Amino acid sequence: TNLPNINSDTYDFSKNFIINNKDDIEQIIIHEGDFGPINKSIHPLLDWGIHPLSYLFNILGYKNLKDIKHKEIIGFNQNRNALSRFDLNFNDQFSIKIITGNSFKKKSRVLKIILKNGNIFLNDFINHQIWKNNKLIFKSKSSPLQNLLNKFSYSIEFENYQAGIQEIYSSYESIKVIEK
């Protein structure tokens, strides 16, 4: 699942930015996590790691994932804390690094895109804002929950369920990657 990130108004903005600038992107970095065990019934990587992976799979397509490397930064311990780094390769387009888990000093949900010319695009998933070179360029007008409810209403009214099905597939593929 990735409901807050994918259903934020900033998702389409970020998706279009990545697709339209893929030849100019040097690196994508995602930090997503918090401090301490939030969900005690599952491993922190399944709790936090699925969000950035399914976000990227929805944009770049999980079938385009050519390689993934995983490194434990903080191994799962008796306090149920863990922090991991994932390096992903989608068709050799650009470098993608994800840092995720529950050993951050404070909650962090950020997508950072570094362009070859040095410009920096930042999607703040918590406040649903987009910044370019420290200048606010976009702010969501409605909450992710409101957007999700609108999509749900649309899917019922017009019997169009494809968007939800795609999100389920991306989440499923994210779980498979983390379980490896």
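Structure's up top.
Computed from a prediction, not measured in an experiment: that's the story for all the values here.

1. Thoughts on the pairing of strand β7 (residues 129–132)
Looking along a regular strand, one sees the side chains alternate between the two faces of the sheet.
And then number 1: Bridge count for strand β6 (residues 120–124) against β7 is 4 bridges, and the pairing is antiparallel. Residue pairing across strands places D124 opposite Q129, the latter belonging to β7.
And then number 2: Hairpin connection between β6 and β7: a loop of 4 residues separates the two successive antiparallel strands, and H128 in this loop has a positive phi of roughly 55°.
And then number 3: In this structure, β7 lies alongside strand β8 (residues 135–139), joined through 4 bridges in antiparallel fashion. Across the sheet, the residue bridging to K132 is K135, located in β8.
And then number 4: Counted between consecutive antiparallel strands, the loop separating β7 from β8 contains 2 residues, among which N133 sits at a positive phi close to 50°.

2. Some remarks on helix α3 (residues 44–60)
And then number 1: Over its 17 residues, α3 runs 24 Å from end to end, which matches the ideal 24 Å to within 8%, given 1.5 Å per residue.
And then number 2: In the structure, α3 departs most strongly from a straight axis at I50, where the bend amounts to approximately 35° and where the proline P52 lies between one and four residues downstream.
And then number 3: G61 sits one or two positions beyond α3 and adopts a positive phi of about 85°.

3. Observations concerning the packing of helix α2 (residues 9–20) against α3
Each packed pair of helices is defined by two parameters, the angle between the axes and the distance between the axes.
And then number 1: Two elements in contact, α2 and α3, have axes separated by 10 Å at closest approach and are oriented at 55°. In terms of axis orientation, α2 runs oblique to α3. Once α2 is placed against α3, the crossing between them reads as right-handed. Of α3, the residues touching α2 (which contributes T10, Y11, S14, K15 and I18) are Y55, N58, I59 and L60.
And then number 2: Of the residues assigned to the contact of α2 with α3, the class counts are 5 nonpolar, 3 polar and 1 charged.

Scoring rules and cut-offs
- Residues numbered from 1 in each chain as written.
- Predicted model: local features only at pLDDT ≥ 70, side-chain atom pairs only at ≥ 80, totals over all residues.
- Heavy atoms only, no water.
- Pairing = 2+ DSSP bridges.
- Helix = DSSP H or I, 4+ residues; strand = E, 2+ residues; numbered from the N terminus.
- Expected span 1.5 Å × (residues − 1).
- Bend = angle between axes of the 7 residues up to and from the residue.
- Axes fitted to C-alpha atoms, helices over the stretch in contact; angles between N-to-C directions.
- Parallel < 35°, antiparallel > 145°, perpendicular 65-115°, else oblique.
- Left-handed = near helix turned anticlockwise from the far one by under 90°.
- Contact = heavy atoms within 4.5 Å.
- Nonpolar A, V, L, I, M, F, W, Y, C, P; charged D, E, K, R; others polar.

Coordinates in, geometry out; function isn't part of it.
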